[in-house]
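Residue-level structural notes
Next come the chains, spelled out residue by residue.
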Amino acid sequence: MVDDRKQSGAARPKKGGEAEVVVESLAFGGAGVARADGFVLFVPHTAPGDRLRVVVTKSKGSWGEARGRELLEAGPARVEPLCPLVGTCGGCNWQHVSIEAQREAKERIVRDALRQIAGLADAVVEPLVESPDTWRYRNKMEFTFGASRLDGGLVAGFHEAGNWRHILDAERCWLAPESMERALRAAVAEGARQGLSAWCPHEKRGTLRQLVVRHSVHEDALLALLLTGDESLDFPAFAAALRSAEPSLKAVVWGLNARDSDVARAERVLATDGDAFLEERLGGLRFRISPASFFQSNTRGAERLYEVVRGYASLTGAESVLDAYCGTGTIAQYCAPAAREVLGLELLTEAVWDARENAERNGLANCRFVSGDIRHTLPVALGSMPGRIDRVIVDPPRGGMERKALEQLLAIRAPVFVYVSCNPTTMARDLQQALEAGYRLDRVRPVDMFPQTYHVEAVARLVLGGGA
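All right, on to the sheet that holds strand β6 (residues 140-147) then. Pairing is mixed in the open sheet, where 7 strands are placed in the order β8-β7-β6-β9-β10-β11-β12. Each edge of the open sheet is held by one strand with a lone partner, namely β8 (163-169) and β12 (268-274). With direction set aside, neighbouring strand axes in the sheet form an average angle of 30 degrees. Lying on the sheet, helix α2 (residues 178-193) is in contact with β6, β7 (154-160), β9 (208-216) and β10 (221-228); it crosses β9 at an angle near 155 degrees. Helix α3 (residues 235-245) contacts β9, β10, β11 (249-256) and β12 of the sheet and is inclined by roughly 145 degrees relative to β11.

All right, on to the layout of surface pockets then. Quantified by volume, the second largest pocket comes out at close to 520 Å³. Lining of the second largest pocket is provided by 28 residues; of these, Gly146, Ala198, Trp199, Cys200 and Pro201 occupy positions nearest its centre. Elements with a minimum of two residues in the lining of the second largest pocket: β6, β7, β8 and β9. Classifying every residue of the lining of the second largest pocket by side-chain character gives 11 nonpolar, 10 polar and 7 charged.

This next bit is on unusual backbone geometry. Although it is not a glycine, His45 sits at a positive phi angle of roughly 60 degrees. Within the fold, His45 resides in the loop between β3 (39-43) and β4 (51-59). Unlike most non-glycine residues, Ser314 shows phi in positive territory, near 50 degrees. Its location among the elements puts Ser314 in the loop between α4 (299-313) and β15 (320-324).

For α2, spanning 16 residues, the distance from its first C-alpha to its last is 23 Å, which sits close to the expected 22 Å at 1.5 Å a residue. Listing the buried residues of α2 in full gives Ser179, Met180, Glu181, Ala183, Leu184, Ala186, Ala187, Val188, Glu190 and Gly191. Buried residues belonging to α2 abut β6, β7, β9, β10 and α3. Of the residues one or two after α2, Gly195 is the one with positive phi, at around 70 degrees.

Now for the side chain of Arg108. Tracing the sequence through the fold places Arg108 in helix α1 (residues 99-116). A distance of 2.7 Å separates the side chain of Arg108 from the backbone oxygen of Leu26, its partner in a polar contact. Reaching out from Arg108, the side chain makes a polar contact with the side chain of Glu104 at a distance of 2.9 Å.

Before going further, it helps to spend a moment on the sheet that holds strand β17 (residues 367-371). The strands making up a sheet are joined through hydrogen bonds of the backbone, oriented either antiparallel or parallel. Across the sheet, which stays open at both edges, the 7 strands sit in the order β17-β16-β15-β18-β19-β21-β20 with mixed pairing between neighbours. The open sheet has two edge strands with one neighbour each: β17 and β20 (439-447). The mean inter-strand angle of the sheet, taken between neighbouring strand axes irrespective of direction, is 15 degrees. Most of the contacts of α1 go to β20, to which it runs at about 160 degrees, and overall it touches β20 and β21 (457-464).

Counted under the stated rule, the structure contains 39 salt bridges. A salt bridge links Arg69 to Glu18; the shortest N-O distance between them is 2.7 Å. You can see Arg69 sitting in strand β5 (residues 63-73) and its partner Glu18 sitting in strand β1 (residues 18-26), a full 51 residues away along the chain. Residue Glu203 is joined to Arg205 by a salt bridge in which the shortest nitrogen-to-oxygen separation is 2.5 Å. Exposure remark for Glu203: the relative accessible area of 48% places this residue in the partly exposed category. Looking at Arg205, the relative accessible area reads 53%, which means it is exposed.

With 86 residues, the main nonpolar core has Phe145 and Val418 as its most contacted residues. Contact partners of Val418, with chain neighbours within four places excluded, come to Val309, Tyr312, Ala313, Val392, Ile393, Val394, Val459 and Ala460.

Successive residues of a regular strand alternate their side chains across the two faces of the sheet. The alternating pattern of strand β14 (residues 285-289) places Leu285, Phe287 and Ile289 on a buried face and Arg286 and Arg288 on a face that is not buried. Where strand β13 (residues 278-282) hands over to β14, the hairpin turn is made up of 2 residues, of which Gly283 adopts a positive phi near 55 degrees.

Turning our eyes to something else, we now look at the packing of aromatic side chains. Counted by the stated rule, this structure contains 7 aromatic pairs. Geometrically, the ring pair formed by Phe417 and Tyr439 is edge-to-face, given 5.8 Å between the ring centres and 70 degrees between the ring planes. You can see Phe417 sitting in strand β19 (residues 416-421) and its partner Tyr439 sitting in strand β20, a full 22 residues away along the chain. Of the two residues, Phe417 and Tyr439, neither departs from the other in class, the shared state being buried. We note Arg288 situated over the ring of Phe277; from NZ or CZ to the ring centre the distance is 3.2 Å.

Our next topic: the packing of helix α7 (residues 374-384) against helix α8 (residues 403-410). Relative to each other, α7 and α8 sit at 15 degrees, their axes nearing to 10 Å. One element, α7, and the other, α8, form an angle in the roughly parallel class. As α7 runs across α8, the sense of the crossing is left-handed. Contact with α7, carried on its side by Ile374, Arg375 and Leu378, involves Ala405, Gln408 and Leu409 of α8 and no other residues of that element.

Conventions and cut-offs
The residue numbering used here restarts from 1 in each chain and proceeds along that chain's sequence as written. Restriction of local features to residues with pLDDT of at least 70 applies here, the model being predicted, together with a cutoff of 80 or more for giving and counting side-chain atom pairs; totals for whole chains, interfaces and linings are based on all residues. Calculated side-chain values reflect all of the structure's heavy atoms, with hydrogen atoms and water omitted. Here, any two strands with at least 2 DSSP bridges between them count as paired. The way it works is that DSSP assigns letters per residue, a run of H or I at least four long becomes a helix, a run of E at least two long becomes a strand, and they are numbered from the N terminus. Fitted lines through C-alpha atoms give the axes, limited to the stretch in contact for helices. The angle between two N-to-C directions lies from 0 to 180 degrees. Contacts: residue pairs with any heavy atoms within 4.5 Å of one another. The distinction between a cavity and a pocket rests on a 1 Å grid over the protein atoms alone: a 1.4 Å probe fits inside a cavity but cannot get out, while a pocket stays open yet meets protein on both sides within 12 Å along at least five of seven lines, and a residue with an atom within 4 Å of a point counts as lining. Grid points are joined across faces, edges and corners, and a volume is the space filled by probe spheres set on the points. Side-chain classes are defined by residue name, with Ala, Val, Leu, Ile, Met, Phe, Trp, Tyr, Cys and Pro counting as nonpolar, Asp, Glu, Lys and Arg as charged, and the others, Gly among them, as polar. By definition here, a helix of n residues has an expected span of 1.5 Å times n minus one. We call a residue buried when its accessible area falls under 20% of the maximum for its residue type, exposed when it is over 50%, and partly exposed in between, using a 1.4 Å probe and counting protein chains only. Any pair of nitrogen or oxygen atoms within 3.5 Å is treated as a polar contact; in protein, a donor-acceptor pairing is required on top of that, and neighbouring residues in sequence qualify only through side-chain atoms on both sides. Think of a salt bridge as a Lys or Arg side-chain nitrogen and an Asp or Glu carboxyl oxygen that are within 4 Å of each other. To form a nonpolar core, buried Ala, Val, Leu, Ile, Met, Phe, Trp, Tyr and Cys residues must be joined to one another through side-chain atoms within 4.5 Å. Any two rings among Phe, Tyr and Trp, with Trp reduced to its six-membered ring, count as a pair given centres within 6.5 Å; such a pair is stacked if its planes are under 30 degrees apart, edge-to-face if over 60, and tilted if neither. A ring has a charge above it when a Lys NZ or an Arg CZ is no more than 6 Å from the ring centre and no more than 35 degrees off the ring normal. An angle below 35 degrees is treated as roughly parallel, one above 145 as roughly antiparallel, one from 65 to 115 as roughly perpendicular, and anything else as oblique. Helix crossings are classified by the rotation of the near helix relative to the far one: an anticlockwise turn of less than a right angle makes the crossing left-handed, while a clockwise turn makes it right-handed.

Written as C-alpha coordinates, this is what we have:
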(Lines give C-alpha, C1' and ligand atoms only; values in the text may rest on other atoms or scores of the structure.)
Protein backbone atom coordinates (compact mmCIF):
# COMPACT_ATOMS: atom_id res chain seq x y z
CA MET A 1 0.00 0.00 0.00
CA VAL A 2 1.20 3.55 -0.71
CA ASP A 3 -0.02 6.83 0.65
CA ASP A 4 -1.84 7.92 -2.49
CA ARG A 5 -1.83 6.47 -5.98
CA LYS A 6 -3.67 9.53 -7.34
CA GLN A 7 -1.01 12.14 -7.96
CA SER A 8 -1.29 15.64 -9.36
CA GLY A 9 1.45 17.04 -11.53
CA ALA A 10 3.57 13.87 -11.57
CA ALA A 11 5.17 13.30 -14.95
CA ARG A 12 4.28 9.81 -16.15
CA PRO A 13 7.38 7.97 -17.40
CA LYS A 14 7.10 5.92 -20.56
CA LYS A 15 7.41 2.16 -20.67
CA GLY A 16 11.06 1.29 -21.33
CA GLY A 17 12.26 4.56 -19.87
CA GLU A 18 14.92 4.68 -17.16
CA ALA A 19 15.08 6.56 -13.89
CA GLU A 20 17.17 6.78 -10.75
CA VAL A 21 15.05 6.25 -7.64
CA VAL A 22 15.26 5.67 -3.91
CA VAL A 23 12.96 3.06 -2.36
CA GLU A 24 10.84 4.67 0.37
CA SER A 25 8.90 1.71 1.76
CA LEU A 26 7.57 -1.79 1.07
CA ALA A 27 4.10 -2.50 -0.28
CA PHE A 28 1.64 -5.34 0.21
CA GLY A 29 2.61 -7.74 -2.56
CA GLY A 30 6.32 -7.41 -1.77
CA ALA A 31 7.54 -4.64 -4.06
CA GLY A 32 9.39 -1.55 -2.94
CA VAL A 33 7.73 1.84 -3.40
CA ALA A 34 9.78 4.54 -5.10
CA ARG A 35 9.04 7.79 -6.91
CA ALA A 36 10.39 9.12 -10.19
CA ASP A 37 9.67 12.87 -10.26
CA GLY A 38 6.71 12.24 -7.99
CA PHE A 39 5.35 9.31 -10.01
CA VAL A 40 4.93 6.13 -7.93
CA LEU A 41 6.83 3.06 -9.14
CA PHE A 42 6.62 -0.41 -7.63
CA VAL A 43 10.01 -2.13 -7.84
CA PRO A 44 10.31 -5.81 -6.77
CA HIS A 45 13.29 -7.28 -4.91
CA THR A 46 14.24 -3.97 -3.30
CA ALA A 47 14.62 -2.78 0.29
CA PRO A 48 13.88 0.56 1.98
CA GLY A 49 16.69 3.03 1.34
CA ASP A 50 17.98 1.31 -1.79
CA ARG A 51 19.14 3.76 -4.46
CA LEU A 52 19.03 2.19 -7.89
CA ARG A 53 18.54 2.72 -11.58
CA VAL A 54 15.34 1.16 -12.87
CA VAL A 55 13.65 0.41 -16.18
CA VAL A 56 9.91 1.13 -16.35
CA THR A 57 7.96 -2.02 -17.33
CA LYS A 58 4.41 -0.70 -16.88
CA SER A 59 3.07 2.85 -16.85
CA LYS A 60 -0.57 3.46 -15.98
CA GLY A 61 -2.54 6.59 -15.21
CA SER A 62 -1.36 7.08 -11.65
CA TRP A 63 1.32 4.47 -10.98
CA GLY A 64 3.73 2.13 -12.69
CA GLU A 65 6.04 -0.83 -12.26
CA ALA A 66 9.77 -1.08 -12.84
CA ARG A 67 12.62 -3.56 -12.55
CA GLY A 68 15.97 -2.78 -11.07
CA ARG A 69 18.78 -2.45 -13.59
CA GLU A 70 21.61 -1.45 -11.25
CA LEU A 71 21.83 -1.15 -7.46
CA LEU A 72 23.77 2.07 -6.89
CA GLU A 73 23.67 2.06 -3.10
CA ALA A 74 22.17 -0.51 -0.74
CA GLY A 75 19.76 0.80 1.86
CA PRO A 76 20.25 0.16 5.60
CA ALA A 77 17.43 -2.42 5.57
CA ARG A 78 19.07 -4.62 2.92
CA VAL A 79 20.70 -7.84 4.14
CA GLU A 80 22.34 -10.79 2.41
CA PRO A 81 19.72 -13.50 1.79
CA LEU A 82 20.48 -17.04 2.95
CA CYS A 83 18.88 -18.76 -0.04
CA PRO A 84 20.35 -18.59 -3.57
CA LEU A 85 16.84 -18.89 -5.06
CA VAL A 86 15.72 -15.48 -3.78
CA GLY A 87 14.35 -13.54 -6.74
CA THR A 88 13.51 -16.63 -8.78
CA CYS A 89 11.43 -18.59 -6.26
CA GLY A 90 8.19 -16.82 -5.44
CA GLY A 91 8.33 -17.74 -1.76
CA CYS A 92 10.67 -15.63 0.40
CA ASN A 93 10.23 -12.33 -1.38
CA TRP A 94 11.57 -10.33 1.61
CA GLN A 95 14.52 -12.51 2.58
CA HIS A 96 16.82 -9.68 1.46
CA VAL A 97 15.17 -7.29 3.97
CA SER A 98 16.12 -7.15 7.66
CA ILE A 99 13.54 -8.69 9.99
CA GLU A 100 13.16 -5.34 11.77
CA ALA A 101 12.28 -3.60 8.48
CA GLN A 102 9.89 -6.43 7.58
CA ARG A 103 8.00 -5.98 10.84
CA GLU A 104 7.79 -2.21 10.45
CA ALA A 105 6.50 -2.63 6.89
CA LYS A 106 3.81 -5.12 7.90
CA GLU A 107 2.49 -2.87 10.63
CA ARG A 108 2.37 0.04 8.19
CA ILE A 109 0.67 -2.08 5.50
CA VAL A 110 -2.18 -2.81 7.92
CA ARG A 111 -2.45 0.89 8.85
CA ASP A 112 -2.48 1.94 5.18
CA ALA A 113 -5.19 -0.60 4.28
CA LEU A 114 -7.43 0.64 7.08
CA ARG A 115 -6.93 4.25 6.09
CA GLN A 116 -7.14 3.96 2.31
CA ILE A 117 -9.83 1.30 1.94
CA ALA A 118 -11.96 1.63 5.06
CA GLY A 119 -11.37 5.35 5.67
CA LEU A 120 -10.09 4.64 9.19
CA ALA A 121 -7.24 7.11 9.44
CA ASP A 122 -7.37 7.15 13.24
CA ALA A 123 -7.69 3.38 13.76
CA VAL A 124 -5.88 2.06 16.83
CA VAL A 125 -3.28 -0.37 15.46
CA GLU A 126 -1.43 -2.10 18.27
CA PRO A 127 2.22 -3.15 17.90
CA LEU A 128 2.81 -6.16 15.68
CA VAL A 129 3.10 -9.53 17.43
CA GLU A 130 6.39 -11.08 16.38
CA SER A 131 6.80 -14.69 15.30
CA PRO A 132 8.88 -16.69 17.81
CA ASP A 133 10.87 -18.07 14.86
CA THR A 134 12.04 -16.21 11.77
CA TRP A 135 13.55 -19.25 10.02
CA ARG A 136 12.45 -22.90 9.68
CA TYR A 137 9.04 -22.14 11.13
CA ARG A 138 6.80 -23.80 8.53
CA ASN A 139 5.09 -27.00 9.64
CA LYS A 140 3.81 -27.83 6.16
CA MET A 141 5.58 -27.71 2.79
CA GLU A 142 4.39 -28.72 -0.67
CA PHE A 143 7.21 -29.72 -3.01
CA THR A 144 6.66 -30.35 -6.72
CA PHE A 145 8.69 -32.79 -8.81
CA GLY A 146 10.17 -31.70 -12.12
CA ALA A 147 13.02 -32.15 -14.59
CA SER A 148 16.33 -30.33 -14.23
CA ARG A 149 17.12 -27.72 -16.86
CA LEU A 150 20.75 -28.80 -16.74
CA ASP A 151 20.55 -32.53 -17.44
CA GLY A 152 16.85 -33.48 -17.38
CA GLY A 153 17.30 -35.39 -14.12
CA LEU A 154 14.67 -35.59 -11.41
CA VAL A 155 14.44 -32.61 -9.04
CA ALA A 156 11.89 -31.41 -6.48
CA GLY A 157 11.16 -27.95 -5.18
CA PHE A 158 9.03 -24.98 -6.15
CA HIS A 159 7.62 -23.43 -9.29
CA GLU A 160 9.76 -20.64 -10.66
CA ALA A 161 8.04 -17.28 -10.15
CA GLY A 162 6.12 -16.44 -13.32
CA ASN A 163 7.01 -19.76 -15.00
CA TRP A 164 4.92 -22.75 -13.92
CA ARG A 165 6.67 -25.02 -16.43
CA HIS A 166 9.96 -24.95 -14.53
CA ILE A 167 10.61 -26.43 -11.07
CA LEU A 168 13.44 -24.96 -9.03
CA ASP A 169 15.57 -27.53 -7.24
CA ALA A 170 15.11 -26.82 -3.50
CA GLU A 171 17.46 -29.21 -1.71
CA ARG A 172 17.45 -26.61 1.05
CA CYS A 173 14.61 -24.32 2.12
CA TRP A 174 15.30 -22.04 5.05
CA LEU A 175 11.63 -21.94 6.03
CA ALA A 176 11.36 -25.72 6.42
CA PRO A 177 12.72 -27.85 9.28
CA GLU A 178 15.92 -29.68 8.30
CA SER A 179 14.14 -33.02 8.74
CA MET A 180 11.88 -32.07 5.80
CA GLU A 181 14.93 -31.41 3.65
CA ARG A 182 16.31 -34.87 4.39
CA ALA A 183 12.97 -36.49 3.51
CA LEU A 184 12.81 -34.50 0.26
CA ARG A 185 16.33 -35.46 -0.81
CA ALA A 186 15.54 -39.11 -0.09
CA ALA A 187 12.38 -38.91 -2.21
CA VAL A 188 14.29 -37.51 -5.18
CA ALA A 189 17.06 -40.11 -4.82
CA GLU A 190 14.61 -43.02 -4.58
CA GLY A 191 12.54 -41.70 -7.46
CA ALA A 192 15.66 -41.53 -9.62
CA ARG A 193 16.73 -45.01 -8.50
CA GLN A 194 13.35 -46.42 -9.58
CA GLY A 195 13.66 -44.61 -12.91
CA LEU A 196 10.50 -42.56 -12.33
CA SER A 197 9.73 -39.40 -14.26
CA ALA A 198 8.09 -36.24 -12.99
CA TRP A 199 4.48 -35.59 -13.89
CA CYS A 200 4.10 -33.31 -16.91
CA PRO A 201 0.84 -31.33 -16.58
CA HIS A 202 0.78 -30.38 -20.27
CA GLU A 203 1.22 -33.90 -21.60
CA LYS A 204 -0.61 -35.44 -18.63
CA ARG A 205 1.92 -38.19 -18.14
CA GLY A 206 4.61 -39.08 -15.63
CA THR A 207 4.62 -40.51 -12.14
CA LEU A 208 5.97 -38.28 -9.37
CA ARG A 209 3.90 -35.17 -8.84
CA GLN A 210 4.08 -33.68 -5.33
CA LEU A 211 5.48 -34.43 -1.90
CA VAL A 212 3.59 -32.80 0.97
CA VAL A 213 5.46 -32.94 4.27
CA ARG A 214 4.03 -31.94 7.65
CA HIS A 215 5.90 -31.41 10.92
CA SER A 216 4.73 -31.52 14.52
CA VAL A 217 6.65 -29.23 16.85
CA HIS A 218 5.32 -31.13 19.87
CA GLU A 219 6.38 -34.56 18.60
CA ASP A 220 9.26 -33.33 16.41
CA ALA A 221 7.95 -35.81 13.85
CA LEU A 222 7.04 -35.80 10.16
CA LEU A 223 4.18 -37.06 8.04
CA ALA A 224 4.63 -37.33 4.24
CA LEU A 225 2.01 -37.48 1.51
CA LEU A 226 3.35 -38.62 -1.86
CA LEU A 227 1.13 -37.76 -4.82
CA THR A 228 1.61 -39.43 -8.20
CA GLY A 229 -0.04 -39.12 -11.60
CA ASP A 230 -0.09 -42.89 -12.13
CA GLU A 231 0.58 -46.08 -10.17
CA SER A 232 4.05 -46.88 -11.58
CA LEU A 233 5.75 -46.92 -8.21
CA ASP A 234 7.31 -49.46 -5.87
CA PHE A 235 5.74 -47.92 -2.80
CA PRO A 236 7.21 -50.22 -0.09
CA ALA A 237 10.73 -49.41 -1.35
CA PHE A 238 9.90 -45.70 -1.58
CA ALA A 239 8.53 -45.56 1.96
CA ALA A 240 11.48 -47.55 3.32
CA ALA A 241 13.96 -45.16 1.67
CA LEU A 242 12.29 -42.11 3.23
CA ARG A 243 12.08 -43.70 6.66
CA SER A 244 15.74 -44.73 6.50
CA ALA A 245 16.83 -41.20 5.59
CA GLU A 246 14.63 -39.52 8.23
CA PRO A 247 13.84 -41.53 11.40
CA SER A 248 11.33 -38.91 12.62
CA LEU A 249 9.00 -39.78 9.72
CA LYS A 250 5.93 -41.43 11.30
CA ALA A 251 4.18 -42.34 8.07
CA VAL A 252 4.24 -42.12 4.28
CA VAL A 253 0.88 -41.95 2.52
CA TRP A 254 0.62 -42.60 -1.23
CA GLY A 255 -2.20 -40.89 -3.10
CA LEU A 256 -3.24 -40.60 -6.75
CA ASN A 257 -3.56 -37.10 -8.22
CA ALA A 258 -4.20 -37.19 -11.97
CA ARG A 259 -6.39 -34.08 -12.08
CA ASP A 260 -5.63 -31.07 -14.27
CA SER A 261 -5.56 -28.85 -11.18
CA ASP A 262 -2.18 -28.40 -9.49
CA VAL A 263 -3.77 -28.51 -6.02
CA ALA A 264 -1.90 -31.07 -3.92
CA ARG A 265 -4.80 -33.33 -2.93
CA ALA A 266 -5.28 -37.06 -3.32
CA GLU A 267 -8.21 -38.28 -5.42
CA ARG A 268 -7.69 -41.67 -3.86
CA VAL A 269 -5.33 -43.03 -1.21
CA LEU A 270 -3.45 -46.01 -2.65
CA ALA A 271 -1.38 -47.12 0.34
CA THR A 272 -0.19 -46.07 3.79
CA ASP A 273 3.00 -47.00 5.61
CA GLY A 274 2.83 -46.13 9.32
CA ASP A 275 0.48 -44.13 11.55
CA ALA A 276 -0.81 -41.36 9.27
CA PHE A 277 -1.47 -38.77 11.97
CA LEU A 278 0.54 -36.21 13.89
CA GLU A 279 -0.30 -34.60 17.20
CA GLU A 280 0.30 -30.92 17.87
CA ARG A 281 -0.30 -28.95 21.04
CA LEU A 282 -1.38 -25.33 21.42
CA GLY A 283 -2.19 -23.70 24.73
CA GLY A 284 -2.39 -27.07 26.46
CA LEU A 285 -4.82 -28.45 23.84
CA ARG A 286 -4.12 -31.49 21.66
CA PHE A 287 -4.79 -31.46 17.92
CA ARG A 288 -4.75 -34.51 15.67
CA ILE A 289 -3.47 -33.61 12.20
CA SER A 290 -4.13 -35.78 9.17
CA PRO A 291 -2.45 -35.36 5.76
CA ALA A 292 -5.33 -33.18 4.47
CA SER A 293 -6.10 -31.25 7.68
CA PHE A 294 -5.92 -27.46 7.76
CA PHE A 295 -3.58 -26.18 10.45
CA GLN A 296 -1.80 -22.84 10.70
CA SER A 297 1.58 -23.30 9.02
CA ASN A 298 3.55 -21.56 11.79
CA THR A 299 2.81 -23.55 14.95
CA ARG A 300 4.43 -21.34 17.56
CA GLY A 301 3.17 -18.25 15.77
CA ALA A 302 -0.36 -19.68 15.76
CA GLU A 303 -0.33 -19.84 19.54
CA ARG A 304 0.41 -16.11 19.67
CA LEU A 305 -2.28 -15.40 17.06
CA TYR A 306 -4.90 -17.32 19.03
CA GLU A 307 -3.92 -15.53 22.24
CA VAL A 308 -4.75 -12.24 20.51
CA VAL A 309 -8.08 -13.62 19.26
CA ARG A 310 -9.08 -14.91 22.69
CA GLY A 311 -8.02 -11.65 24.31
CA TYR A 312 -10.00 -9.58 21.82
CA ALA A 313 -13.08 -11.75 22.45
CA SER A 314 -12.97 -10.71 26.14
CA LEU A 315 -14.34 -14.00 27.41
CA THR A 316 -15.40 -14.44 31.04
CA GLY A 317 -16.90 -17.94 30.88
CA ALA A 318 -20.47 -16.75 30.42
CA GLU A 319 -20.42 -16.05 26.67
CA SER A 320 -22.01 -17.88 23.79
CA VAL A 321 -19.56 -17.80 20.84
CA LEU A 322 -20.14 -18.38 17.13
CA ASP A 323 -16.99 -19.21 15.13
CA ALA A 324 -17.64 -18.89 11.39
CA TYR A 325 -15.17 -20.31 8.85
CA CYS A 326 -13.86 -22.40 11.74
CA GLY A 327 -11.81 -24.87 9.67
CA THR A 328 -10.64 -27.68 11.93
CA GLY A 329 -11.84 -25.73 14.96
CA THR A 330 -8.53 -24.58 16.43
CA ILE A 331 -9.72 -21.06 17.29
CA ALA A 332 -13.04 -22.37 18.62
CA GLN A 333 -11.30 -24.85 20.88
CA TYR A 334 -8.71 -22.30 22.00
CA CYS A 335 -11.58 -20.07 23.16
CA ALA A 336 -13.85 -22.81 24.52
CA PRO A 337 -12.31 -23.15 28.03
CA ALA A 338 -13.09 -19.45 28.62
CA ALA A 339 -16.62 -19.51 27.13
CA ARG A 340 -19.99 -20.98 28.05
CA GLU A 341 -20.47 -22.57 24.62
CA VAL A 342 -18.90 -22.39 21.17
CA LEU A 343 -20.47 -23.33 17.84
CA GLY A 344 -18.23 -23.62 14.77
CA LEU A 345 -19.49 -23.38 11.18
CA GLU A 346 -17.38 -24.70 8.28
CA LEU A 347 -18.01 -25.53 4.63
CA LEU A 348 -15.66 -28.55 4.38
CA THR A 349 -17.05 -31.71 5.91
CA GLU A 350 -13.59 -33.26 6.40
CA ALA A 351 -12.50 -30.25 8.45
CA VAL A 352 -15.56 -30.59 10.69
CA TRP A 353 -14.74 -34.27 11.28
CA ASP A 354 -11.27 -33.22 12.46
CA ALA A 355 -12.77 -30.47 14.63
CA ARG A 356 -15.20 -32.84 16.34
CA GLU A 357 -12.52 -35.44 16.99
CA ASN A 358 -10.10 -32.86 18.43
CA ALA A 359 -12.80 -31.37 20.67
CA GLU A 360 -13.50 -34.84 22.04
CA ARG A 361 -9.78 -35.46 22.61
CA ASN A 362 -9.60 -32.20 24.54
CA GLY A 363 -12.69 -32.93 26.61
CA LEU A 364 -14.46 -29.82 25.34
CA ALA A 365 -18.10 -30.75 25.76
CA ASN A 366 -19.15 -27.12 25.14
CA CYS A 367 -17.91 -27.20 21.51
CA ARG A 368 -20.12 -28.14 18.55
CA PHE A 369 -19.35 -28.05 14.84
CA VAL A 370 -21.64 -27.95 11.80
CA SER A 371 -20.66 -28.38 8.15
CA GLY A 372 -22.23 -26.61 5.18
CA ASP A 373 -22.50 -23.26 3.42
CA ILE A 374 -22.76 -20.56 6.09
CA ARG A 375 -25.76 -18.98 4.32
CA HIS A 376 -27.70 -22.18 4.97
CA THR A 377 -26.19 -23.38 8.25
CA LEU A 378 -26.39 -20.05 10.07
CA PRO A 379 -30.22 -20.02 10.46
CA VAL A 380 -30.05 -23.58 11.83
CA ALA A 381 -27.22 -22.59 14.15
CA LEU A 382 -29.14 -19.62 15.50
CA GLY A 383 -32.10 -21.87 16.23
CA SER A 384 -29.89 -24.25 18.18
CA MET A 385 -28.40 -21.52 20.39
CA PRO A 386 -31.23 -20.14 22.53
CA GLY A 387 -30.59 -16.67 23.84
CA ARG A 388 -28.14 -14.07 22.63
CA ILE A 389 -24.91 -14.83 20.78
CA ASP A 390 -22.37 -12.74 22.66
CA ARG A 391 -19.35 -13.11 20.40
CA VAL A 392 -18.85 -13.72 16.68
CA ILE A 393 -15.40 -14.76 15.41
CA VAL A 394 -14.62 -15.04 11.69
CA ASP A 395 -11.44 -16.23 9.98
CA PRO A 396 -12.29 -16.16 6.25
CA PRO A 397 -10.01 -17.14 3.34
CA ARG A 398 -7.66 -14.68 1.65
CA GLY A 399 -10.43 -13.28 -0.57
CA GLY A 400 -12.38 -12.16 2.48
CA MET A 401 -16.05 -12.70 3.15
CA GLU A 402 -18.94 -13.03 0.73
CA ARG A 403 -21.01 -9.89 1.26
CA LYS A 404 -24.30 -11.69 1.95
CA ALA A 405 -22.70 -14.04 4.50
CA LEU A 406 -21.11 -11.11 6.34
CA GLU A 407 -24.43 -9.30 6.30
CA GLN A 408 -26.07 -12.30 7.99
CA LEU A 409 -23.38 -12.47 10.69
CA LEU A 410 -23.53 -8.74 11.38
CA ALA A 411 -27.32 -8.99 11.69
CA ILE A 412 -26.84 -11.20 14.78
CA ARG A 413 -25.82 -7.98 16.59
CA ALA A 414 -23.29 -9.67 18.82
CA PRO A 415 -21.75 -7.07 21.17
CA VAL A 416 -18.22 -8.08 20.10
CA PHE A 417 -17.20 -9.19 16.58
CA VAL A 418 -13.63 -10.47 16.06
CA TYR A 419 -12.31 -10.58 12.49
CA VAL A 420 -9.14 -12.61 11.78
CA SER A 421 -7.52 -11.98 8.41
CA CYS A 422 -4.57 -13.07 6.30
CA ASN A 423 -5.16 -10.22 3.83
CA PRO A 424 -5.34 -6.64 5.16
CA THR A 425 -6.93 -5.30 1.96
CA THR A 426 -9.95 -7.62 2.02
CA MET A 427 -10.18 -7.20 5.79
CA ALA A 428 -10.41 -3.41 5.37
CA ARG A 429 -13.10 -3.85 2.72
CA ASP A 430 -15.16 -6.08 5.03
CA LEU A 431 -14.66 -3.78 8.01
CA GLN A 432 -16.23 -1.01 5.95
CA GLN A 433 -19.39 -3.14 5.70
CA ALA A 434 -19.29 -3.73 9.46
CA LEU A 435 -19.06 0.00 10.12
CA GLU A 436 -22.09 0.58 7.90
CA ALA A 437 -23.96 -2.01 10.00
CA GLY A 438 -23.39 -0.01 13.18
CA TYR A 439 -20.16 -1.50 14.50
CA ARG A 440 -17.17 0.51 15.67
CA LEU A 441 -13.57 -0.59 15.17
CA ASP A 442 -12.06 -0.79 18.64
CA ARG A 443 -8.54 -1.89 17.73
CA VAL A 444 -6.46 -4.01 15.36
CA ARG A 445 -3.33 -6.07 15.97
CA PRO A 446 -1.03 -7.35 13.19
CA VAL A 447 0.62 -10.73 13.76
CA ASP A 448 3.75 -11.79 11.87
CA MET A 449 2.99 -15.40 10.99
CA PHE A 450 5.14 -15.50 7.85
CA PRO A 451 8.61 -13.95 8.30
CA GLN A 452 10.66 -13.44 5.11
CA THR A 453 7.43 -12.80 3.14
CA TYR A 454 5.08 -9.84 2.77
CA HIS A 455 2.13 -11.81 4.21
CA VAL A 456 0.71 -10.57 7.50
CA GLU A 457 -2.18 -11.69 9.68
CA ALA A 458 -4.33 -9.14 11.48
CA VAL A 459 -6.99 -9.39 14.18
CA ALA A 460 -9.67 -6.69 14.40
CA ARG A 461 -11.99 -6.13 17.37
CA LEU A 462 -15.34 -4.55 16.52
CA VAL A 463 -17.88 -3.49 19.11
CA LEU A 464 -21.52 -2.72 18.55
CA GLY A 465 -22.36 0.98 18.66
CA GLY A 466 -20.67 2.72 21.56
CA GLY A 467 -19.95 -0.51 23.46
CA ALA A 468 -16.57 -1.30 24.92
